[in-house]
Amino acid sequence: MKKALLLAAALGLLASGAWAEEPVSAEQVLARIDAAAAAPRDQDFEASLILTDRAGNRSERSLRIWQKGADRRMARFLSPADQKGISVLSLPDGSIYLYLPAYKKVKRIASHVKSSSFAGTDFTYEDMEAVKYADKYTASLVPGDGEHYVLDLAPRGGQEAAWSRLRLWALKDSFLPVTVEYYDRKGALARRLTSGAVEKIKGYWVAREREMRDLAADHRSRMVLTNIRFDSGLSDELFTTRYLER
């Protein structure tokens, strides 16, 4: 996925605006989802990340994520000690860079590795990108309900994609995605991203909680956001490979 939202979805991953006119096509809905995610000039937040395995064993991490515009994002682990400083940077050309403090080296992530786990979590390197769904997927509307638009997303021709399709639920009043299902190349449901604790901050809708679940492994990573800031004037220097090594 390229340019805008996340964790995210985003990764942008996480903020949304609203429009008065009702969209009439799947492409219009998807365009508004992308535009809402990219509405802030910049955003940054801290997050607690709780990993839970099949047996209920838990481990916790913390990180900070910065995003500027629709297509630049950087994430850095703050704890625990053995993860501190691990950082990932996504840039407008679709490049993703990883910094591992133990090796003091910046590494570019190859395209075929983007669907791999990021630092042992249920999020992938691709999930950590600022994403713009319309760049990579075509959309079709699925019957929804009074609260959500539901879209099926299929990879555009010529685009590399780890998933055969996505199904996305977005709130009608904010165009904020609250559920995304990921189907593998055999068509089986493999992962589910759910978002909650939705609120408005400085005019932007935010999901303070996000959980990615690997259904086959019965493993999940829950992210809880704190200290959310918008439009604070982040420097371009933050989104460079030089900054990764600081």
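Up top is the structure.
Here the structure is a predicted model, which means the values were calculated and not measured. (Residues numbered from 1 in each chain as written. Predicted model: local features only at pLDDT ≥ 70, side-chain atom pairs only at ≥ 80, totals over all residues. Heavy atoms only, no water.)

(A) Broad picture of the overall build of the protein. Helix and strand counts for the protein come out as four helices and 14 strands. What you see for the protein is a C-alpha radius of gyration of 17 Å, in line with the 18 Å of a compact globule of 246 residues. In the protein, which comprises 246 residues, the proportion classed as buried is 50%. For the protein, the accessible area works out to roughly 11,000 Å², and carbon and sulfur atoms hold 48% of it. Treating the 38 positive side-chain charges of the protein as one cloud and the 33 negative ones as another, the clouds have centres 4 Å apart. (Helix = DSSP H or I, 4+ residues; strand = E, 2+ residues; numbered from the N terminus. Rg over C-alpha atoms; globule rule 2.2 N^0.38 Å. Buried < 20%, exposed > 50% of the residue type's maximum accessible area, 1.4 Å probe, protein only. Areas by Shrake-Rupley, 256 points an atom, 1.4 Å probe, with all protein chains shown as cover. Lys, Arg positive; Asp, Glu negative; His and termini not counted. Charge placed at Lys NZ, Arg CZ, Asp CG, Glu CD.)

(B) Here's a closer look at the packing of aromatic side chains. Counted by the stated rule, this structure contains five aromatic pairs. Ring centres 5.6 Å apart and planes at 15° place the aromatic pair Tyr149 and Phe175 in the stacked group. With Tyr149 in strand β9 (residues 148–155) and Phe175 in the loop between β10 (165–171) and β11 (177–183), the pair connects residues that are 26 residues apart, well separated along the chain. What makes Phe175 buried here is its relative accessible area of 2%. Looking at Lys172, its charged tip hangs above the ring of Tyr149, at a distance of 5.3 Å from the centre. Lying across the ring of Tyr182, Arg191 places its NZ or CZ 4.2 Å from the centre. (Phe/Tyr/Trp six-rings, centres within 6.5 Å; stacked < 30°, edge-to-face > 60°. Lys NZ or Arg CZ within 6 Å of the ring centre and 35° of its normal.)

(C) Expanded view of the nonpolar core. Ile33, Phe118, Tyr133, Leu151, Leu153 and Leu166 are the most contacted members of the largest nonpolar core, which totals 46 residues. Apart from the residues lying within four places of it in its own chain, the contact partners of Leu151 are Ala26, Val29, Leu30, Ile33, Ala139, Ser140, Leu141, Val142, Leu166, Arg167 and Leu168. Ranked by size, the runner-up nonpolar core spans ten residues in total, among them Trp66, Leu91, Tyr97 and Phe239. (Core = buried A, V, L, I, M, F, W, Y, C linked by side-chain atoms within 4.5 Å. Contact = heavy atoms within 4.5 Å.)

(D) Local environment of the pairing of strand β2 (residues 42–52). Within β2, nine of the eleven residues are buried, which leaves the element mostly enclosed by the surrounding structure. Sheet topology note: the β2/strand β3 (residues 58–68) ladder contains eleven bridges and is antiparallel. Within the sheet, the bridge partner assigned to Ser48 lies in β3 and is Ser62. Hairpin geometry of β2 and β3 is characterised by an intervening segment of five residues between the two adjacent antiparallel strands and by a positive phi of about 90° at Gly56. In this structure, β2 lies alongside strand β14 (residues 219–230), joined through nine bridges in antiparallel fashion. Of the residues in β14, the one forming a bridge with Gln43 is Phe230. (Pairing = 2+ DSSP bridges.)

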